[in-house]
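Coordinates in review
Listed here are the chains, written in short residue letters.
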Amino acid sequence: NILLLALTAMVNDGLAGWSVALFLAGPCVVWPALRLKPGALLGCLALSGLAADAQLPTPPGFLMCLFVAGGLLIQSMRPWLGVARPLKQIGLAWLLNPLYFAAFTAWALARNHAGGATFWEHAAADFCLSQFIVLPVALWFFDFQNSVLALAGLTAAPRRAGAAF
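Here's what I pulled together on the structure shown here. This structure is a prediction, so every number in the text was calculated from the model and none was measured. (Residues numbered from 1 in each chain as written. Predicted model: local features only at pLDDT ≥ 70, side-chain atom pairs only at ≥ 80, totals over all residues. Heavy atoms only, no water.)

Focus on the overall build of the protein
- Summing up its helical and strand segments, the protein has 7 helices and 0 strands in all.
- Listing each helix as α and each strand as β along the protein from the N terminus yields α-α-α-α-α-α-α.
- Counting across all 165 residues of the protein, residues that qualify as buried make up 41%.
- Partitioning the intrachain contacts of the protein with sequence separation of at least 6 by distance along the chain shows that 74% fall at a separation of at least 24.
- Just so you have it, the protein exposes about 8800 Å², and 73% of that area is on carbon and sulfur atoms. (Helix = DSSP H or I, 4+ residues; strand = E, 2+ residues; numbered from the N terminus. Buried < 20%, exposed > 50% of the residue type's maximum accessible area, 1.4 Å probe, protein only. Contact = heavy atoms within 4.5 Å. Areas by Shrake-Rupley, 256 points an atom, 1.4 Å probe, with all protein chains shown as cover.)

Structure (structure tokens):
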């Protein structure tokens, strides 16, 4: 997750001239919630949330709490969701990303970081770009994390036999 957050920060630095930014919280929460055991999940999401808090102008622990809460909710619903297939995982990340974006936007509004029409134009552009990019990024990112676990000889939560797309 730290790698995805670091890459997002670098891309956002490059996009700063165009006044747009990526917000990719969905993939950071979905994969750990579906594949890690509860202890590892809490550690992963807490560190990821703190790293995201360090990149954004949020109070310490804001995104960490949201990441942990979302991850625990997804993990508790894992049997019901039936999301062992990669496309379902990507779809869940695509659906979760706007919720985190809305929470961040609500925080910005509450802190008076919102200044009229330009705020909403930037928010709409950020949202559209993020939702467009989250699909290919989640596909790559989920496969990358599975490959890292396989190379390290570690195992995540078991997948259904024969699960593909």
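Observations regarding the side chain of Thr105
- Tracing the backbone shows Thr105 in helix α6 (residues 86-110).
- Once residues lying within four places of it in the same chain are set aside, the contact partners of Thr105 are Phe119 and Trp120.

A look at the packing of aromatic side chains
- Using the criterion set out here, one finds 10 aromatic pairs in the structure.
- Consider the rings of Phe23 and Phe101, whose centres lie 5.7 Å apart with planes at 75°: the pair is edge-to-face. Pair noted here: Phe23 is in the loop between α1 (2-15) and α2 (25-35) and Phe101 is in helix α6, with a separation of 78 residues, a long-range link.
- Look at Phe101 and you get buried, because its relative accessible area is 11%.
- Centroid distance Phe23 to Phe104: 5.8 Å. Interplanar angle 25°. Geometry classified as stacked. Of the two residues, Phe23 is situated in the loop between α1 and α2 and Phe104 in helix α6; the sequence distance between them amounts to 81 residues. With respect to burial, Phe23 and Phe104 carry one shared label: buried.
- By way of ring pairs, the aromatic residues Phe23, Phe62, Phe101, Phe104, Trp107 and Phe127 are connected into one cluster. (Phe/Tyr/Trp six-rings, centres within 6.5 Å; stacked < 30°, edge-to-face > 60°.)

Some thoughts on the nonpolar core
- In terms of nonpolar packing, the biggest core is built from 40 residues, with Val29, Val30, Phe67, Ile74, Tyr100 and Phe142 touching the most fellow members.
- When residues of this core are traced back to their parent elements, those giving at least two are α1, α2, α3 (38-55), α4 (62-76), α6 and α7 (117-152).
- It is α6 that provides the largest number of residues to this core, a total of 9 residues.
- Excluding anything up to four places from it in sequence, Val30 contacts Ile74, Gln89, Leu92, Ala93, Leu96 and Phe142. (Core = buried A, V, L, I, M, F, W, Y, C linked by side-chain atoms within 4.5 Å.)

Describing α4
- Spanning 15 residues, α4 covers 21 Å between terminal C-alpha atoms, matching the ideal 21 Å at 1.5 Å per step.
- When we look at burial in α4, the residues that qualify are Leu63, Phe67, Val68, Gly70, Gly71, Ile74 and Gln75.
- Packing partners of the buried residues in α4 comprise α2, α3, α5 (78-81) and α6. (Expected span 1.5 Å × (residues − 1).)

Re the layout of surface pockets
- Volume-wise, the largest pocket comes out at about 470 Å³.
- Lining of the largest pocket is provided by 26 residues; of these, Ala21, Leu22, Phe23, Leu56 and Phe104 occupy positions nearest its centre.
- When residues of the lining of the largest pocket are traced back to their parent elements, those giving at least two are α1, α3, α4, α6 and α7.
- Among the residues forming the lining of the largest pocket, the class breakdown is 18 nonpolar, 6 polar and 2 charged. (1 Å grid on protein atoms, 1.4 Å probe; cavity = no way out; pocket = protein on both sides within 12 Å on 5 of 7 lines; lining within 4 Å. Points joined across faces, edges and corners; volume = space filled by probe spheres on them. Nonpolar A, V, L, I, M, F, W, Y, C, P; charged D, E, K, R; others polar.)

Some details on a nonpolar patch on the surface
- A surface patch of nonpolar side chains, amounting to about 520 Å² of accessible area, comprises Leu3, Leu7, Met10, Trp140, Phe144 and Val148.
- Elements represented by at least two residues in the nonpolar patch include exactly α1 and α7.
- Relative to the assigned elements, Leu3 resides in helix α1.
- Leu3 sits in the partly exposed class, given a relative accessible area of 38%. (Patch = residues over 30% accessible without salt bridge, like charges linked within 9 Å, V, L, I, M, F, W, Y side chains within 5 Å. Salt bridge = Lys/Arg side-chain N within 4 Å of Asp/Glu carboxyl O.)

A look at the packing of α2 against α4
- At a closest axis distance of 8 Å, the pairing of α2 and α4 adopts a crossing angle of 45°. On the basis of the axis angle, α2 is oblique to α4. Every pair of crossing elements has a handedness; the one defined by α2 and α4 is right-handed. Touching Ala25, Cys28, Val29, Val30, Ala33 and Leu34 of α2 are Phe67, Gly70, Gly71, Ile74 and Gln75, all from α4.
- Broken down by class, the residue content of the contact of α2 with α4 amounts to 8 nonpolar, 3 polar and no charged. (Axes fitted to C-alpha atoms, helices over the stretch in contact; angles between N-to-C directions. Parallel < 35°, antiparallel > 145°, perpendicular 65-115°, else oblique. Left-handed = near helix turned anticlockwise from the far one by under 90°.)

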